[in-house]
Amino acid sequence: MLQLFHDPKIDFMGKRRMWVAVSLSLIVISLAVVFSRGIRMGIEFEGGAEVQLQYAQAPDVPVVRTQLEKAGYAGAVVTTIGKAEDHEIYVRVPLVAGAKDEDMAPSVIRTLKAAEGESAFTVRSQAYIGPTVGRELIKKALAAVLGSMGGMLVYIWIRFEFQWGLAAVVALVHDTIITLGLFSAFGFEMSLPVVAAFLTLVGYSVNDTVVIFDRIRENLRSKGGTAGNLPDLINVSMNQTLSRTMLTSLLTWIVCVFLFILGGPALRDFSFVMVVGIIVGTYSSIYIASPILVVWQEWLGARAKAKVVESGLATSPKATAKKVRAGKA
Amino acid sequence: MSNMTWKLLIIVGAVALSVLSFYPPKEKINLGLDLQGGSHLLLQVDTSAAIKSEVDLAINRVGQLLKEKTIAYASIAPTDNGVDLKGTDASRDADVREIFDTITPGWTITPSEGNWTVRIPDRLRQEIEASSVDTTLTVLRQRIDELGVKEPIIQKQGTAGDRIVVELPGLDDPERARRLLQDQAKLEWKAVVYPPGTSDYEGWAPPTTQEATLAMFGGALPPNVELVPQVFNDAGGTKTEMWWPLQNVAAIVGNDLRSARRGNDQMQRNVVDFILSADAGKRFQAATRENLHKKMAIVLGSSKGKVVISAPVINDVISDRGQISGRFDVKSAEDLALKLRSGAIPTAVTIIGETTVGPSLGRDSIKAGVFASLLGFAGVALFMLVYYRLSGVNAVIALLLNVVLVLGAMAYFGSTLTLPGIAGLILTVGMAVDSNVLIFERIREELRLGKTVRTAIDQGFGRAFGTIVDTHVTTIVSAFFLFTYGTGPVRGFAVTLVIGLLFSMFTAVFVSRVIYDLVLGNRRNVESLSI
């Protein structure tokens, strides 16, 4: 049979300090990138007008820009999009503070028609977003991301134990920050679908973690509820699930790469998040989430050496085993 | 029937139902605006206009009753939130209170030596505001229906309940829709207030500037009088205005109309004929009697302010039928009639967000999205076949069924497929295959431990099940938050994802198991499994 890993015996936990250090520096770098470069905000968050036009002949972008500036649209962004032979341009005009702008997109189109002729282009899409909408959406997006992280914490808390949920959520935050850093570094634009991608990533990243957690718990249970040497046990569990982890990630990743390359401009930012996020998420469920369980146990051990067996992890298998059985009955 | 037959029936039935639901997909699958093209508009409703018109109506009626009962008063004026009536005869207090009790029931009435402060209490105010949003919604719906848009969506949105979402699929003239949505179309009949010393009431016309009209009143307008322009666009393109001094409070308003239609007058000019409701007819009768052989202005309020559309001389007492003339062409007369018929929007409506996607862009998006998805699916299928061989075939069948079931469910429940939804569909394939991978890897493990094929399959499915539930629930949790946060396309993504995940439980766990049982079922000793 074809196998990715033949009975792997990789010591994941042995170098956990190194990987935690790597992750911490990646997080610091990502935060630095996000704060220094910022994140380009799409029109739905920032407000303003955008139009997408398809010209009959190749459009002259600088000329379009000057015409808009002449008409009083300061700070207009004009770029070509899609394939060169499509003659398509994208125009974005920022909101003017205090102005009543609801007619913005149509008047941008009128301005350009007046300057370049009625039949110079056809309108592919137009949008206008007022200032209040954008502010609300940012709040909603943040609430959704934080809410779903909280939801994960609670679910895993119920299914496992609090510290497992915490570990999974730390891995999630890790994935989100690093993906956001790359998103900002490559200059992609934050839009509603991108937020959707981040939320999907949250779900996906926990997926991976939960599969490993499930196996750790199963192995704990088969040992009669004593953690024994936790790092070793985690190592075994991760090696057992390694094929599945890599396979699933690879398959979903393939799908997202296809979307990224072929899905058209509208899906590009969305699929970028997934392409990057799946890699980071897979890494973090192996090197971040599970080590936190060990760190937690060590911390408890340092606090009350004698009580290791009764507290925290050690009690969880029995308790959860009961829940699982009850659930199946 | 045996257990197996039942299971097969369930699967075949589900697939048949799905195919029936979504075939042919072009007709059965709802496409989102981003795929089929159309306009999405987010409207903010300002309800203060509704309060104002409520106040105006109250003043109108109270004023009329005071006159009927011959109660003298110094002034009656609107405030932000009610009516101030000043200088009534103290001996008639009981009568005045009775008038307020009939006209403005529920309002707080505070008399003080012939001065009456009448206010709308907060709760009533909220009721008026809420019902004004509902009326706005109804009016918009009627206007859009007359536009002939197929399957428009018009609904309230937002926690404050003062926003309206309008989705117009496949609309090719967004400009006309915008005008129709925003135009308040508030029609009012107002008496002209002649400047002091006017003798020829029928022939009087106001000056062409605001200042000149003001000057006729000695520089300041009397209380309860407003200036409203009438605009003339001449053939040469020159624009002239006339500034009419009008009574603040309207005699009747557009809501009092029972019907309105385009018609022709004796000179074959386009006019709008209207019929008033009974109650308004009575008020109009009183107003026209009072203004006989004088001019009354027909004022049309829109988002851009008020304009006089005509100011005819009242030749007869009119009760319930009338005619509006004013340089209409066929289309503008028809549009005005439409707006009057559907009623005035009692509020001010502003567009705070708009997205219009042209049909060509939508088609390109579908092409790119579907192409990428097909290749993604092919990639996954190929991998599964190479890696798991015959068991891979099992997984690919399960995946195909998953896609079929998702499309069927979407068509059945009428949910909308959006561009992110296509991404969600193919992402679901990626995640559904995870369940198969979990199970297959588990089976392989059990086989390696030396278990028989049947035990390995049993335990593989059994042990992976808990994990599969966990992975599904976590993704559904995030999809839930996605749905609550998202609008339009993003919601489409969340819906597709959740439906896909639910079905992947069915296909990966149930269908795949049945396939194994079917293939291995009749053999006594299964020695090897192609996995």
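Details of the structure are given in the entry above.
Anyway, here's the lowdown on the structure attached to this text.

How each quantity is defined
- Residues numbered from 1 in each chain as written.
- Chains lettered and ligands numbered in written order.
- Predicted model: local features only at pLDDT ≥ 70, side-chain atom pairs only at ≥ 80, totals over all residues.
- Heavy atoms only, no water.
- Helix = DSSP H or I, 4+ residues; strand = E, 2+ residues; numbered from the N terminus.
- Rg over C-alpha atoms; globule rule 2.2 N^0.38 Å.
- Buried < 20%, exposed > 50% of the residue type's maximum accessible area, 1.4 Å probe, protein only.
- Areas by Shrake-Rupley, 256 points an atom, 1.4 Å probe, with all protein chains shown as cover.
- Lys, Arg positive; Asp, Glu negative; His and termini not counted.
- Charge placed at Lys NZ, Arg CZ, Asp CG, Glu CD.
- Contact = heavy atoms within 4.5 Å.
- Polar contact = N/O pair within 3.5 Å; in protein donor to acceptor, adjacent residues only side chain to side chain.
- Pairing = 2+ DSSP bridges.
- Axes fitted to C-alpha atoms, helices over the stretch in contact; angles between N-to-C directions.
- 1 Å grid on protein atoms, 1.4 Å probe; cavity = no way out; pocket = protein on both sides within 12 Å on 5 of 7 lines; lining within 4 Å.
- Points joined across faces, edges and corners; volume = space filled by probe spheres on them.
- Salt bridge = Lys/Arg side-chain N within 4 Å of Asp/Glu carboxyl O.
- Phe/Tyr/Trp six-rings, centres within 6.5 Å; stacked < 30°, edge-to-face > 60°.
- Lys NZ or Arg CZ within 6 Å of the ring centre and 35° of its normal.

Counting secondary structure elements, chain B contains 14 helices and 19 strands. Computed over C-alpha atoms, the radius of gyration of chain B comes to 35 Å, more than 25% over the 24 Å expected from 2.2 N^0.38 for 531 residues, which places it beyond the range of a compact globule. When the backbone C-alpha atoms are referred to their principal axes, chain B occupies close to 115 × 60 × 40 Å. Per-residue burial over chain B gives 51% buried out of 531 residues. With an accessible surface of roughly 23900 Å², chain B has 56% of that area assigned to carbon and sulfur atoms. Computed over 53 positive and 54 negative side-chain charges, the separation of the two mean positions in chain B equals 7 Å.

Let's shift gears to the environment of A:Tyr287. All names here are of chain A. With respect to the element layout, tyrosine 287 can be found in helix α9 (residues 265–303). Judged by relative accessible area, tyrosine 287 falls into the buried class, the value being 16%. In this structure the C-alpha to C-alpha distance between tyrosine 287 and valine 22, which are 265 residues apart in sequence, comes to 10.0 Å. Once you skip the residues sitting within four places of it in the chain, tyrosine 287 turns out to touch Phe12 and Trp19.

Now for the side chain of A:Asn239. Residue and element names in this part refer to chain A. Residue position: asparagine 239 is located in helix α8 (residues 230–262). There is a polar contact of 3.0 Å between the side chain of asparagine 239 and the backbone oxygen of isoleucine 10. Other than its neighbours up to four places away in sequence, asparagine 239 contacts Pro8, Lys9, Ile10 and Phe12.

Residue and element names in this part refer to chain B. Taking strand neighbours across the sheet as the criterion, the three strands line up as β13-β14-β17 in an open arrangement whose pairing is antiparallel. Here the strands that pair on one side only, and so sit at the sheet edges, are β13 (257–264) and β17 (321–328). Taking the axes of each pair of neighbouring strands and ignoring which way they run, one obtains an average angle of 25° across the sheet. Relative to β17, strand β14 (residues 270–276) is paired through six bridges, and the arrangement is antiparallel. Residue pairing in the sheet places phenylalanine 274 in a bridge with glycine 322 of β17. Against the sheet, helix α10 (residues 330–342) touches β13, β14 and β17, its axis set at about 170° to β13.

All names here are of chain B. Among the five residues of strand β4 (residues 82–86), four are classified as buried, and the element is accordingly described as predominantly covered. Linking two consecutive strands that pair antiparallel, namely strand β3 (residues 75–79) and β4, is a turn of two residues. Alignment of β4 against strand β6 (residues 115–119), held across four bridges, turns out to be antiparallel. Counted as the bridge partner of glycine 82 is arginine 119 from β6.

Evaluated as defined, the whole model comprises two cavities of 30 Å³ or more. The space that makes up the largest cavity amounts to roughly 120 Å³. Along the walls of the largest cavity sit 14 residues, with A:Val211, A:Arg215, A:Thr241, B:Leu438 and B:Arg442 positioned nearest its centre. When residues of the lining of the largest cavity are traced back to their parent elements, those giving at least two are α7 (192–222) and α8 of chain A together with α12 (419–448) and α13 (453–485) of chain B.

Next up on the list: the pattern of salt bridges. Pairs may arise between side chains of opposite charge once their charged atoms sit close together. In total, this model carries 33 salt bridges over all chains according to the counting rule given. In this structure, the salt-bridge partner of A:Glu298 is A:Arg16, at a minimum N-O distance of 2.7 Å. Here A:Glu298 is found in helix α9, whereas its partner A:Arg16 is found in helix α1 (residues 16–37), with 282 residues between them in sequence. A relative accessible area of 35% places A:Glu298 in the partly exposed class. The closest approach of N and O atoms between B:Arg163 and A:Glu136, which form a salt bridge, is 2.7 Å. Of this pair, B:Arg163 sits in strand β8 (residues 163–169) while A:Glu136 sits in helix α5 (residues 131–159), placing the two residues on different chains. A residue is classified by how much of its surface remains accessible, and B:Arg163, at 10% relative accessible area, is buried.

The tally for this structure, following the rule as stated, stands at 33 aromatic pairs over all chains. Their ring planes at 50° and their centres at 6.2 Å tell us that A:Phe183 and A:Phe272 sit as a pair that is tilted. Taken as a pair, A:Phe183 in helix α6 (residues 162–185) and A:Phe272 in helix α9 lie far apart in primary sequence, 89 residues in all. Across this residue pair, the class does not change: A:Phe183 and A:Phe272 are buried. The ring of B:Tyr201 is capped by B:Lys294, whose NZ or CZ atom sits 5.0 Å from the centre of that ring. In this structure, B:Arg491 packs its charged tip against the face of B:Phe483, placed 4.2 Å from the ring centre.

Shape descriptors only; they carry no functional weight alone.
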